[in-house]
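Each chain is listed here by its residues.
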Amino acid sequence: MGPLIVNEIISPNTNLLIAMLIGIGFGFVLESSGFSSSRKLAGMFYGYDTTVLKVFFTAAITAMIGLLFFSLFGWIDLSYVYVNPTYLTSAMVGGAVMGAGFIIGGFCPGTAFCALSIGKLDALAFIGGLVLGIIFFTEGYPMWEDLYKANFMGTPTMNELLDIPRGIFALGLILAAFAMFWVGEWAEKKFPREEY
């Protein structure tokens with residue numbers, strides 16, 4: 001639910017229409033950027049195409065800087081921004097399972113639906129596996145509820161865990177991004193692959 005609904009600026013139906021248009025636009029950008037190809041994500045893991053790293057790191061940094069400046073100008077109160085609770089064990093296990101799925105399938109959920117929309121059957125198989133995984137997790141939840149809820153850490157942010165100001169953390173992350181971009185460029189030259 002966006003802030004426009006809460007303040008009754010737009011109706012819920014208008015919100016759904018806007019969400020649909022944003023989704024169509026997002027899918028169009030993914031497809032036109034080549035992200036509907038499983039080779040894009042696989043290329044990230046094999047080192048011959050680091051576009052995924054560059055795009056998503058750039059998006060995260062842009063959002064982070066935007067939020068910091070909005071907070072600085074008093075346009076947003078960061079204490080109202082929702083932070084997911086951290087369950088460390090399930091985050092690590094879930095990250096490993098999802099990461100393996102991304103590598104094996106060559107898609108993430110968003111790119112899989114984008115690929116399906118243009119008729120790629122490998123995306124259909126990936127989405128089928130995604131649905132089976134969701135069913136397996138929800139139906140078997142009582143079996144691994146303890147694992148899921150292990151090592152609860154509350155809702156810390158990285159700068160709080162490191163005990164540094166938000167701006168210093170942002171600077172460090174920006175420098176890390178530039179380093180990763182450089183490593184990505186190096187990897188693409190080191191492990192070149194011809195496009196088919």
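How each quantity is defined
- Residues numbered from 1 in each chain as written.
- Predicted model: local features only at pLDDT ≥ 70, side-chain atom pairs only at ≥ 80, totals over all residues.
- Heavy atoms only, no water.
- UniProt positions renumbered as here; feature names shortened; annotations may be inferred.
- Helix = DSSP H or I, 4+ residues; strand = E, 2+ residues; numbered from the N terminus.
- Expected span 1.5 Å × (residues − 1).
- Buried < 20%, exposed > 50% of the residue type's maximum accessible area, 1.4 Å probe, protein only.
- Contact = heavy atoms within 4.5 Å.
- Polar contact = N/O pair within 3.5 Å; in protein donor to acceptor, adjacent residues only side chain to side chain.
- Phe/Tyr/Trp six-rings, centres within 6.5 Å; stacked < 30°, edge-to-face > 60°.
- Axes fitted to C-alpha atoms, helices over the stretch in contact; angles between N-to-C directions.
- Parallel < 35°, antiparallel > 145°, perpendicular 65-115°, else oblique.
- Nonpolar A, V, L, I, M, F, W, Y, C, P; charged D, E, K, R; others polar.

Observations regarding the UniProt feature "transmembrane region" (unreviewed entry) in the chain
So, point 1. Residues given the UniProt feature "transmembrane region" (unreviewed entry) here are residues 12-30, 51-76, 96-116, 123-144 and 164-183.
So, point 2. Helix makes up 85% of residues 51-76 and strand 0%, whereas the separation of the span's terminal C-alpha atoms amounts to 31 Å.
So, point 3. When the span residues 123-144 is considered, its composition is 95% helix and 0% strand, and the gap between its end C-alpha atoms is 28 Å.

Considerations on helix α10 (residues 166-190)
Each full turn of the α-helix corresponds to 3.6 residues, which orients residues three or four apart in the same direction.
So, point 1. Compared with the 36 Å implied by 1.5 Å per residue over 25 residues, the 35 Å span of α10 between its first and last C-alpha is a close match.
So, point 2. Listing the buried residues of α10 in full gives A170, A177, F181, G184 and A187.
So, point 3. Looking at the buried positions of α10, the neighbouring elements they touch are α4 (51-72).

Section: the side chain of T111
So, point 1. Locating T111 in the fold gives a position in helix α6 (residues 109-117).
So, point 2. A distance of 3.0 Å separates a polar atom in the side chain of T111 from the backbone nitrogen of C108.
So, point 3. With residues near it in sequence (within four places) discarded, T111 still touches L30, F35 and S36.

A closer look at the side chain of T89
So, point 1. The topology assignment puts T89 in helix α5 (residues 88-105).
So, point 2. Among the polar contacts made by the side chain of T89, one reaches the side chain of N151 at a distance of 2.5 Å.
So, point 3. The residues touching T89, leaving out its near neighbours within four places in the chain, are L147, A150 and N151.

Focus: the packing of aromatic side chains
Any pair of aromatic rings gets described here by the distance separating the centres and the angle formed by the planes.
So, point 1. Per the stated rule, a full pass over the model turns up 15 aromatic pairs.
So, point 2. Here F137 and Y141 contribute two aromatic rings whose centre-to-centre distance is 5.8 Å and whose plane-to-plane angle is 65°, an arrangement assigned as edge-to-face.
So, point 3. Classification of F137 by relative accessible area gives partly exposed; the value is 34%.
So, point 4. Exposure remark for Y141: the relative accessible area of 21% places this residue in the partly exposed category.
So, point 5. Each residue in the set Y87, F136, F137, Y141, W144, Y148 and F152 is aromatic and connected to the rest through ring pairs, giving one cluster.

Points about the environment of E160
So, point 1. One can find E160 in helix α9 (residues 158-162).
So, point 2. Looking at E160, the relative accessible area reads 49%, which means it is partly exposed.
So, point 3. Separated by 108 residues in the primary sequence, E160 and V52 have C-alpha atoms spaced 28 Å apart.

Side note on the packing of helix α2 (residues 12-32) against α6
So, point 1. Packing of α2 against α6 leaves a shortest axis separation of 10 Å and a crossing angle of 85°. Considering their axes alone, α2 and α6 lie roughly perpendicular with respect to each other. Seen from α2, the contacting residues are G27, L30 and E31; seen from α6, they are G110, T111 and C114.
So, point 2. Class assignment of the residues belonging to the contact of α2 with α6 gives a composition of two nonpolar, three polar and one charged.

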